[in-house]
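Residues per chain are reported as follows:
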Amino acid sequence: MPRWFLRHLLSVLSIFLSLASKLFSAQTICFLPFLTLSQRHKLIMRRLNTSSYENVWKVFLDKKNLDDCNAIVNDITKCLVKHEERMALTAWLPKQSILPQLQTSLRSFVLLQQVKHRITAKAATPFDTQNTTHEDMLNQLWQSLKPSTPLASRISHQWGDIGFQGNDPITDFRGMGILSLYCLLFYCRRFPDTSKRHLELTQRAETFCPYCVAGINFTDIACQWLKKGMLDDLMIDQIPSEDVFYRVFGALFLRFGEEWAHGNHTVVDFPVVRDIVQSQISEQIRMGDIPT
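It should be emphasised that the depicted structure is a prediction, and the values quoted were computed from it without experimental measurement. (Residues numbered from 1 in each chain as written. Predicted model: local features only at pLDDT ≥ 70, side-chain atom pairs only at ≥ 80, totals over all residues. Heavy atoms only, no water.)

### Details of the nonpolar core
And then number 1: Leu141, Phe245 and Phe256 are the most contacted members of the largest nonpolar core, which has 81 residues in total.
And then number 2: Setting aside its immediate chain neighbours within four residues, Phe245 contacts Ile119, Leu179, Cys183, Thr219, Ala222, Cys223, Leu226, Leu231 and Met235. (Core = buried A, V, L, I, M, F, W, Y, C linked by side-chain atoms within 4.5 Å. Buried < 20%, exposed > 50% of the residue type's maximum accessible area, 1.4 Å probe, protein only. Contact = heavy atoms within 4.5 Å.)

### Details of the pattern of salt bridges
And then number 1: Inspection of the entire model under this criterion finds 11 salt bridges.
And then number 2: Across the salt bridge formed by Arg118 and Glu242, the nearest N and O atoms sit 3.0 Å from each other. Within this pair, whereas Arg118 is found in helix α6 (residues 95-123), its partner Glu242 is found in helix α13 (residues 242-263), the two being separated by 124 residues in sequence.
And then number 3: Take Arg118: its relative accessible area is 38%, and that puts it in the partly exposed class.
And then number 4: The exposure class of Glu242 is buried, given its relative accessible area of 16%.
And then number 5: Salt bridges sharing partners connect three or more residues here, namely Arg118, Lys122 and Glu242. (Salt bridge = Lys/Arg side-chain N within 4 Å of Asp/Glu carboxyl O. Helix = DSSP H or I, 4+ residues; strand = E, 2+ residues; numbered from the N terminus.)

### A short note on the environment of Phe173
And then number 1: Counting through the fold element by element, Phe173 comes out in helix α8 (residues 170-173).
And then number 2: Spatially, the C-alpha atoms of Phe173 and Thr125 are 9.8 Å apart, while their sequence positions differ by 48 residues.
And then number 3: Contacts of Phe173, omitting those with residues within four sequence positions, involve Phe127, Leu138, Phe164, Ser180, Leu181, Leu184 and Ile216.

Set out below in structure tokens:
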């Protein structure tokens, strides 16, 4: 199937989903027989994000403990059903057959919000030198990228050899907190050979770029996409998990390494390369491709 045709088809489908999410109640969406499970999840998610459902959405926002998924789903279901009854949107619907489907979709919605909360919490958590988990992860990052080179000390100019800007990586982590360390470590474990090859390339004088700092920049891009809802459809297509976010980061950083390897770039080219990579991966996500 030609890509232009697929792009046109996705645009038409997007318009339909947008209209349906505004015209139909959440329970009516569950009653539509031609929707796939994923499409139903997405429509209900979009419906809950419309202004007329603010009081339902507030039930979720008021929760202090986001861990109890079942309790949250039950509370949102009760509020949503009452809301749509007051609006006289659902009197004709067979409730007994619809409510289980509604709760299945709401469960995916709640899980998605829980995952987004955990990721943004990591971005807001600074690196803590007293936290042994943080320190262990940092050591693992070094060992992943420089397995045959011992780190002389915790504070060392050697950190520049993997693309940090000073003698202590903490200063570079300030922008995206501990999330950037999770992303970098995920990438190095998923692409062990590629990460070392791209690091070696960025350490050459003629193609220099601070590798790990570049990774922190792409963490920020992935996190902004998450906050804007650009990754919602990818996550809702399966059981929502942090893994989807890390795979999106991996796609960004992998594409950056490939572009850097073939473009004969220098550090002054980084903003241009970053924008090219961002555009390419965002288009891939818009087309529904899940990064692997």
